[in-house]
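If you want the building blocks of each chain, they are given just below.
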Amino acid sequence: MAAVIGFLGAGNMGAAIIKGLAAVPDVSAVAYDVDAAKVAALSDAKLAKAAAAPEDLAAASDYLVLCVKPQYLAGAMAELAPHLGPETVIVSIVAGVTMDRLRELAGGKCPVVRVMPNTPALVGAGQFALCLDDAALDAGQKDFVGKLFAALGRTYVLEEKFFDAFTGLAGSGPAYVLHFMEALIESGVLMGFARDKATDIVLGLFEGTARLAVETGLHPSVLREMVTSPAGTTIEALMHLDRKAVRAAIIDAAVASRDRSKALGA
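The present account deals with the structure reproduced in this document. Numbering of residues starts from 1 in each chain and follows the order in which that chain's sequence is written. Reporting in this predicted model follows two pLDDT cut-offs: at least 70 for local features of residues, and 80 or more for side-chain atom pairs to be given and counted; totals over whole chains, interfaces and linings ignore these cut-offs and use all residues. The side-chain quantities take in all heavy atoms of the structure and omit both hydrogens and water.

Remarks on the environment of Lys109
Definition in use: For the purposes of this entry, the term helix denotes a DSSP run of H or I that reaches at least four residues, the term strand denotes a run of E that reaches at least two, and both are numbered from the N terminus. Relative accessibility decides the category of a residue: with a 1.4 Å probe and only protein chains considered, values under 20% of the type maximum give buried, values over 50% give exposed, and everything between is partly exposed. By the convention used here, residues are in contact when the closest approach between their heavy atoms is within 4.5 Å.
Relative to the helices and strands, Lys109 resides in the loop between helix H5 (99-105) and strand E6 (112-116). You can call Lys109 partly exposed: its relative accessible area is 34%. With residues up to four places along the chain from it excluded, the contact list for Lys109 reads Ala81, Pro82, Leu84, Gly85 and Pro86.

Here it is, written out as structure tokens:
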């Protein structure tokens with residue numbers, strides 16, 4: 001019998017996960033969002049059925065994925081909780097909300113899973129931290145959740161204590177990469193390239209470099225040394241970055257994101 005995956009919220013991340021379900025056999029999706037147009041679009045594409053109300057969503061779901069903003073979660077769960085039972089698994093991608101808090105909001109009725117995604121999930125290349133530590137989860141449920149998110153990218157089963165660090169490294173990570181990409185594009189414009197040409201060059205640079213690292217399996221330090229000739233152009237650029245402490249700033253940025261994640265979850 002097909003498992004029914006319910007989605008409370010059908011925004012960018014919720015919709016991305018729903019689209020990824022196409023690669024998972026024997027599942028179907030049902031969704032509810034206060035913006036009915038978002039669910040209607042998924043329904044028209046035959047990706048998910050629409051639930052008329054949160055309580056209908058809870059009643060229909062074997063796994064209920066929470067994709068709402070943190071400030072709306074308590075109110076939403078107050079509507080859902082009376083309709084939950086031990087056979088339903090709560091799967092939360094809500095930032096900063098702990099397993100204990102999820103169990104509390106669910107009235108202690110059902111097992112919970114905490115997930116931290118990142119935005120490349122929108123193109124099937126996401127990274128997902130999964131916390132499967134709830135003793136109420138059985139082996140089949142853990143395996144199913146792992147397969148569900150593996151359809152959207154890479155998964156990492158982590159203890160909850162590592163979630164803030166994962167947020168700092170991978171959850172916020174796409175913004176660091178895009179920030180650096182923006183800076184390189186501006187350097188291209190400064191050096192005379194048209195903006196669209198500079199953008200295309202930088203996109204190709206990042207795509208090719210990531211592919212090189214993945215396909216060769218070589219450590220980034222080794223690949224960096226391969227392009228850094230003695231007294232050449234690259235070492236000159238890298239020395240400038242080191243004089244400006246760019247490496248340390250990147251490390252500090254990831255740690256600052258981790259610390260902010262801890263504060264939000266406190």
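Describing the sheet that holds strand E3 (residues 49-50)
Let me state the cut-off plainly: Any two strands with at least two DSSP-identified bridges between them are counted as paired. Fitted lines through C-alpha atoms give the axes, limited to the stretch in contact for helices. The angle between two N-to-C directions lies from 0 to 180 degrees.
Strand order in this open sheet of 8 strands is E3-E2-E1-E4-E5-E6-E7-E8, and the pairing throughout is mixed. The open sheet has two edge strands with one neighbour each: E3 and strand E8 (153-157). Two strands pair when backbone bridges link them, and strand E1 (residues 3-8) and strand E2 (residues 27-32) are joined in this way by 6 bridges, in the parallel orientation. What sits directly across from Phe7, in E2, is Ala31. Relative to strand E7 (residues 126-131), helix H7 (residues 163-171) is tilted by about 175°, and along the sheet it contacts E6, E7 and E8.

With respect to the pairing of E6
Here E6 lies mainly inside the structure; 5 of its 5 residues are buried. Residues Val112, Arg114 and Met116 line one face of E6 and the alternating positions Val113 and Val115 line the opposite face, and both faces are buried. Note that strand E5 (residues 89-92) and E6 share 3 bridges and pair parallel. Looking at the pairing, Val91 lines up with Val113 of E6. Both E6 and E7 contribute to a ladder of 3 bridges, which runs antiparallel. Bridging across to E7, Val115 finds its partner in Leu130.

What to know about helix H6 (residues 139-150)
An α-helical segment advances 3.6 residues per turn. Residues three or four places apart therefore align on the same side. Let me state the cut-off plainly: Expected helix span is taken as 1.5 Å per residue step, with the number of steps being one fewer than the number of residues. Distance and chemistry together define a polar contact, namely a pair of N or O atoms within 3.5 Å, with one atom able to donate a hydrogen and the other to accept it when in protein, and with adjacent residues in sequence counting only for side-chain atoms on both sides.
The end-to-end C-alpha distance of H6 is 16 Å, a good match for the 16 Å that 12 residues give at a rise of 1.5 Å each. Where H6 is concerned, the buried positions are Gln141, Phe144, Val145, Gly146, Leu148 and Phe149. The N-terminus of H6 is capped by Asp138, whose side-chain oxygen sits 3.0 Å from the backbone nitrogen of Gly140.

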